[in-house]
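The residues making up each chain are set out below.
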Amino acid sequence: MAASVRLPMREPCYVAVGVMTVPHYRNRRDAARQTWMTGSNVGSTVVVRFLIRAGGLHPDVLAEAKREQDEHGDMTFLPVASEHGSPPQRGRVLTLHAWTRRATAVCPTARWVSKADDDVYIVTVDWEAQLRMIAAGREGRAMLHGKVVWHNWNVKHFVPHSFDYSYNPDNWRRVIDYLGGDESRARFPDERRRFELCRTHGARQCEWCPAEAECTGPFPFPTGWLITMSAPLARALAGSPAVAAEVARAERLTRSWGGPLLEDVWLGSVVHRALADWPVLWVQMDFAHQFNGDWPAVCRAEKRPRSCGYEFNTTVVYHNKRTRKVHAHVAGEAGAHVPPQPALKCAASAEWRYLNHHMANFAEYVRRERRPSGSGLCVLYEPRFLVPPKHNRLFHHP
């Protein structure tokens, strides 16, 4: 199996980015190479590799991928089985775990290890500056950075349940109580109908975990389009026997229903369970630095209002599958991007109740789940957006 080729580096590598992809998405890889990967720090302090699951690939597909690697030198072939659509699709989880083990070989000096989707766009210079701000004075800490949200995880079936934007154990306890006989826990008729699906179909169609013995959480996790972990945390995940056992269980999973195993929720679950004695610092990427969805004008034209996002000129990470259009939007002559001026809050702030909510919510998680001292949350935010967006000239809403 071909090893990845190291590109010449002008400065020591600071962050290793593994872009999860599949062989037939060459168009997405080329779009990345021709847009955000032209950033001035890519190939030096930011090293990017496209991650290919090479195990069992058809010889013709593997040969074509190797020709692409010969041309660009930016692909890493992982000894992970390729998949062809039949559940359970476990490749994302196996790829993420394999990348935590391979990243240090690709980039020995990396302080951060990141996993990205192949339809993400990163303003790499600003992003690296933010990572350096987070790391300052925190060398050796286990840190997990991204757009942090919450889930439960079904440890039996490897499926997520009970999505939320905050630590809310009661969100999943309600269905457990309902199935146990307390029908008052269904707050309205539609919720009662959905709870009954948990009774009749179990984890297959239940939005919540249908059995307490199957479930863990809720826990925080960074959404999968861009996950960034400090090198100590990556090494802990790569070397943990408990995480290795979890990966082995995923490889043996035989369920014939459901979607793929989601690597972001799985990662949150193993940090929650397998690294429960590690003091982990989660770092929230706030709304002024990330954009997930589509521009309102596109949403209106395509009648998809729920997929709309709200963009700020300080956005550093875009996830909307329009890489070339994003590049023209950010880096064109009428460049919409304004360099961010972020601040990092790791304690409650009297100036903004929104930050206080994040801090208090995480403090409750740390207390109730008995996380070790040093665990907690920092929020990377944009002080200029303490002013409401409609009154702020930097707000960009094309």
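These numbers come from a predicted model, not from an experiment. Starting from 1, residues in each chain are numbered consecutively following that chain's sequence as written. With pLDDT at 70 or above as the cut-off, local features in this predicted model cover only qualifying residues; side-chain atom pairs require 80 or more to be listed or tallied, and sums for whole chains, interfaces and linings still use all residues. Hydrogens and water molecules were not included; the side-chain quantities draw on all heavy atoms of the structure.

Enquirer: Give a detailed account of the overall build of the protein, specifying residues and quantitative values.
Expert: Broken down by element type, the protein carries twelve helices and 15 strands. Looking at the protein as a whole, 55% of its 398 residues are labelled buried. When the accessible surface of the protein is split by element, carbon and sulfur atoms take 52% of a total near 17500 Å². What counts as a helix is a DSSP run of H or I of at least four residues, what counts as a strand is a run of E of at least two, and both are numbered from the N terminus. Relative accessibility thresholds used throughout: buried, under 20% of the residue-type maximum; exposed, over 50%; partly exposed, between the two (1.4 Å probe, protein chains only). Computed with the Shrake-Rupley method and a 1.4 Å probe, the accessible areas treat only the protein chains shown as cover for residues.

Enquirer: Account for the sheet that holds strand β7 (residues 148-154), naming residues and giving values.
Expert: DSSP-based pairing: two strands are paired if at least 2 bridges between them are found. Taking strand neighbours across the sheet as the criterion, the three strands line up as β8-β7-β9 in an open arrangement whose pairing is antiparallel. On the outer flanks of this sheet lie β8 (159-164) and β9 (215-222), each paired with one strand and no other. Across the sheet, the axes of successive neighbouring strands diverge by a mean angle of 35°, strand direction being ignored. By the convention used here, residues are in contact when the closest approach between their heavy atoms is within 4.5 Å. Angles shown run from 0 to 180 degrees and are taken between the N-to-C directions of axes, each axis being a line fitted to C-alpha atoms and, for helices, limited to the stretch in contact. Against the sheet, helix α5 (residues 170-179) makes contact with β7, β8 and β9, and its axis sits at roughly 120° relative to β8, the strand it touches most. Against the sheet, helix α9 (residues 263-273) engages β7, β8 and β9, with an angle of about 115° to β9.

Enquirer: How would you summarise the pattern of salt bridges if you had to cite specific residues and measurements?
Expert: The working definition used for a salt bridge is a side-chain nitrogen of Lys or Arg within 4 Å of a carboxyl oxygen of Asp or Glu. Per the stated rule, a full pass over the model turns up 27 salt bridges. Across the pair Asp 30 and Arg 26 runs a salt bridge whose closest N-O atoms are separated by 3.0 Å. Remark: Arg 26 and Asp 30 occur in helix α1 (residues 26-34); sequence separation between them is four residues, near one turn of the helix. With a relative accessible area of 25%, Arg 26 lands in the partly exposed category. Through salt bridges that share partners, Arg 26, Arg 29, Asp 30, Arg 33, Glu 68, Glu 71 and Asp 74 make up one connected network.

Enquirer: With reference to specific residues and values, describe the packing of helix α3 (residues 91-106) against helix α7 (residues 231-239).
Expert: In the contact formed by α3 and α7, the axes pass within 9 Å of each other and the chain directions differ by 115°. Of the two possible hands of crossing, α3 and α7 adopt the one that is left-handed. Of the residues in α7, those in contact with His 97, Thr 100 and Arg 101 of α3 are Ala 234, Leu 237 and Ala 238. By the convention adopted, Pro, Cys, Tyr, Trp, Phe, Met, Ile, Leu, Val and Ala count as nonpolar, Lys, Arg, Asp and Glu as charged, and the other residues, Gly among them, as polar. Tallied by class, the residues present in the contact of α3 with α7 amount to three nonpolar, two polar and one charged. In this scheme the crossing of two helices becomes right-handed for a clockwise turn of the near helix relative to the far one and left-handed for an anticlockwise turn of less than a right angle.

Enquirer: Any chance you could break down the state of the cysteines for me, citing the residues and the numbers?
Expert: Throughout, a disulfide means two cysteine sulfur atoms within 2.5 Å of one another. Considering all chains together, one arrives at three disulfides under this definition. The side chain of Cys 13 participates in a disulfide bridge whose partner is Cys 107; the two sulfur atoms lie 1.6 Å from each other. Residues Cys 13 and Cys 107 are joined through a disulfide that is left-handed, its torsion about the S-S bond being -110°. Here Cys 13 is found in the segment before β1 (15-20), whereas its partner Cys 107 is found in the loop between α3 and β4 (112-117), with 94 residues between them in sequence. Judged by relative accessible area, Cys 13 falls into the buried class, the value being 4%. For Cys 107, a relative accessible area of 0% puts it in the buried group.

Enquirer: Which residues make up the sheet that holds β1, and what values go with them?
Expert: The mixed open sheet is built from nine strands, whose spatial order is β3-β2-β1-β4-β10-β6-β11-β15-β14. On the outer flanks of this sheet lie β3 (75-81) and β14 (343-345), each paired with one strand and no other. Adjacent strand axes in the sheet meet at a mean angle of 25° when their direction is disregarded. Contacts between α1 and the sheet are confined to β2 (46-55) and β3, with β2 contributing the most and set at about 170° to the helix.

Enquirer: So what's going on with the nonpolar core? Which residues, and what values?
Expert: The set of buried Ala, Val, Leu, Ile, Met, Phe, Trp, Tyr and Cys residues whose side-chain atoms join them within 4.5 Å is what this entry labels a nonpolar core. Ranked by internal contacts, the top residues of the largest apolar core, which has 54 residues, are Leu 144, Met 229, Leu 237, Trp 266, Leu 267, Trp 282 and Tyr 365. Take this core: its biggest share by element is seven residues, from α3. In terms of nonpolar packing, the next biggest core, distinct from the first, is built from 41 residues, Val 17, Leu 57, Ala 135 and Met 285 among them.

Enquirer: Tell me about the environment of Arg 29, residues and numbers included.
Expert: Position of Arg 29 among the secondary structure elements: in helix α1. We classify Arg 29 as buried; its relative accessible area is 0%. For Arg 29, the residues in contact, after removing those within four places along its chain, are Thr 21, Val 22, Pro 23, Phe 50, Ile 52, Glu 68 and Met 75. Between N or O atoms, a polar contact is any pair within 3.5 Å; within protein, one atom must be a potential hydrogen donor and the other a potential acceptor, and residues adjacent in sequence are included only when both atoms are from side chains. Reaching out from Arg 29, the side chain makes a polar contact with the side chain of Thr 21 at a distance of 3.0 Å.

Enquirer: Report on the pairing of β9, specifying residues and quantitative values.
Expert: Of all eight residues making up β9, eight are buried, and the element is well covered by its neighbours. The sheet contact formed by β7 and β9 spans six bridges and is antiparallel. Paired with Asn 154 across the bridge in β9 is Cys 215.

Enquirer: Describe the environment of His 272, naming the residues involved and giving the relevant values.
Expert: Mapping His 272 onto the fold places it in helix α9. Judged by its relative accessible area of 10%, His 272 is buried. Distance in space between the C-alpha atoms of His 272 and Pro 218 is 8.9 Å, their sequence separation being 54 residues. Every residue in contact with His 272, bar those within four places of it in the chain, is listed here: Thr 216, Gly 217, Pro 218, Phe 219, Tyr 365, Glu 369 and Arg 371. In this structure the side chain of His 272 is engaged in a polar contact, spanning 2.8 Å, whose partner is the side chain of Tyr 365.

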